[in-house]
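Examination of the molecular architecture
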Amino acid sequence: MAESKKTATLTFGDKTLELPIHSPTIGPDVIDITKLYTQGGVFTHDPGFTSTSSCDSTITFIDGEEGVLLHRGYPIDQLAAQSHYLEVCYLLLYGELPTAPQLEDFESRVTKHTMVHEQMNYFFRGFRRDAHPMAVMVGVVGAMSAFYHDSTDINDPWQREVASIRLIAKMPTIAAMAFKYTIGQPAVYPRNDLDYASNFLRMCFSVPAEDYVVNPILARAMDRIFTLHADHEQNASTSTVRLASSSGANPFASIAAGIACLWGPAHGGANQACLEMLREIGTVDRIPEFIARAKDKNDPFRLMGFGHRVYKNFDPRATVMKESADEVLELLGIENNPTLQVAKELERQALQDPYFAEKKLFPNVDFYSGIILEAMGFPTSMFTPIFAVSRTIGWVSQWKEMISDPTLKIGRPRQLYTGHTYRDYVPVEKR
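Our subject in this report is the structure included herewith. Please read these numbers as outputs of a predicted model, since none were measured by experiment. (Residues numbered from 1 in each chain as written. Predicted model: local features only at pLDDT ≥ 70, side-chain atom pairs only at ≥ 80, totals over all residues. Heavy atoms only, no water.)

With antiparallel pairing, the three strands of this open sheet are ordered in space as β4-β5-β6. Each of the sheet's edge strands pairs with one partner strand only, and the pair in question is β4 (60-63) and β6 (74-75). Where β4 and strand β5 (residues 68-71) come together, four bridges link them in antiparallel fashion. In the sheet register, Ile-62 faces β5, and the bridge partner there is Leu-69. (Pairing = 2+ DSSP bridges. Helix = DSSP H or I, 4+ residues; strand = E, 2+ residues; numbered from the N terminus.)

Have a look at this one:
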């Protein structure tokens, strides 16, 4: 980071500090408080870290006010419409779009790493059949460090590269195996003649008793879901991966920590929560009731899939996802599905309601992705595992960037302590 010429003045009590201000290539300036405690003896207090920059990064930029999402400078809508997931993976991982030979080599390396160690099949059998696929994935991905010892040394650039490719390649296989395990079907091995999204769909839905041919429209929709969820700056799970790996933890353990964080309904589980809400509404005639509840400040109900914590305008991923939703529903001919009817009518009524326009509560990517995944035949329990497959490249790219940072320090947030002051211990017999 270049030395800053701009400063901010902070005055408190009898102290005045000059704090450096750093300017990014895009976005707001950042006041550097690194030496605030050593020079001023105070901390900042920022629950949720919503006003705190924890790192500098060149990977993803978000402008929530304008509805902008850039990967290495490229707008997400352009990437989703004109590129495909593995090309976006290359972009996030290496910083530039690949040439044709580079992309061919990268796709070949990923494809040849999609199989998992055969002994990992036995690891799955240790879980109950009714285990949530995310519970299985947390365990299995963490256990990869017990199977792939040759790529756990974070100080070796080559081992970091091998671990990155392995995680990107094997995550769809692990997610599909978790799905098959929970529904009592045999695991399906990956095939090297299929693209990334088609391979995943085949591993999820084919059975040994008959051939399975992947529909290209479904594969394209799946690829878009992967692309649109590939990275999202310093979100909760990405920050978790960075914090875990800042201690020197191996990449598989760090990514497993990210999966655990993603499991929460406020993060990766948002599209599952959205579909559950649509089922709660049940029928089109009940939509006005739920819209009224969403407007009522005294009612805890909220419309899932509308608005976004980061995007205060529209979610730039939602437009592309809506196109895929329309294509998939038309292909499958299931427009009469009650849940999907509720979704389409809820979208129509909400977009026409001045309240939602005023509050900028537009449908987000989770609203449409849940509709697509259900239409494809995925149960809601698989929505978050699919998100984890998508986000693996973001986690890996952020992890590699952090490990290569010469200023890397172990994460250690401070606190505003509100407990007891010093107390003398009293033996139990005297209390």
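What follows picks up the thread again.
Before going further, it helps to spend a moment on the sheet that holds strand β3 (residues 30-31). Here three strands make up an open sheet; going across it, the order is β1-β2-β3 and the pairing antiparallel. Two strands close off the open sheet at either side, each with one partner strand: β1 (6-12) and β3. Looking at chain direction, β1 and strand β2 (residues 15-22) are connected through seven bridges and run antiparallel. Considered in β2, the bridge of Leu-10 is made with Leu-17.

Take helix α12 (residues 270-281) next. With twelve residues, α12 ought to run about 16 Å at 1.5 Å a step, and its terminal C-alpha atoms sit 17 Å apart, in line with that. Across the twelve residues that make up α12, a large majority, nine, are buried. All of the buried residues along α12 are Ala-270, Asn-271, Gln-272, Ala-273, Cys-274, Leu-275, Met-277, Leu-278 and Ile-281. Check the buried side of α12 and you find it contacts α13 (287-295), α15 (338-352), α17 (365-376) and α18 (383-403). (Expected span 1.5 Å × (residues − 1). Buried < 20%, exposed > 50% of the residue type's maximum accessible area, 1.4 Å probe, protein only. Contact = heavy atoms within 4.5 Å.)

Here the focus is the packing of α13 against α15. Between two packed helices, both the angle of their axes relative to each other and the distance between the axes serve to describe the pair. Closest axis-to-axis distance for the α13/α15 pair is 11 Å, and the angle between their directions is 50°. Compared by their axis directions, α13 and α15 come out oblique. Handedness of the crossing formed by α13 with α15: right-handed. Contacts between α13 and α15 involve Ile-287, Pro-288 and Ile-291 from the first element and Val-342, Glu-345, Leu-346, Gln-349 and Ala-350 from the second. Tallied by class, residues from the contact of α13 with α15 come to six nonpolar, one polar and one charged. (Axes fitted to C-alpha atoms, helices over the stretch in contact; angles between N-to-C directions. Parallel < 35°, antiparallel > 145°, perpendicular 65-115°, else oblique. Left-handed = near helix turned anticlockwise from the far one by under 90°. Nonpolar A, V, L, I, M, F, W, Y, C, P; charged D, E, K, R; others polar.)

With that settled, consider the environment of Leu-346. Looking at where Leu-346 falls in the secondary structure, it is placed in helix α15. For Leu-346, a relative accessible area of 0% gives the class buried. Excluding anything up to four places from it in sequence, Leu-346 contacts Met-277, Leu-278, Ile-281, Ile-287, Ile-291, Leu-303, Phe-306 and Phe-367.

By themselves, these observations are geometric and do not establish any function.
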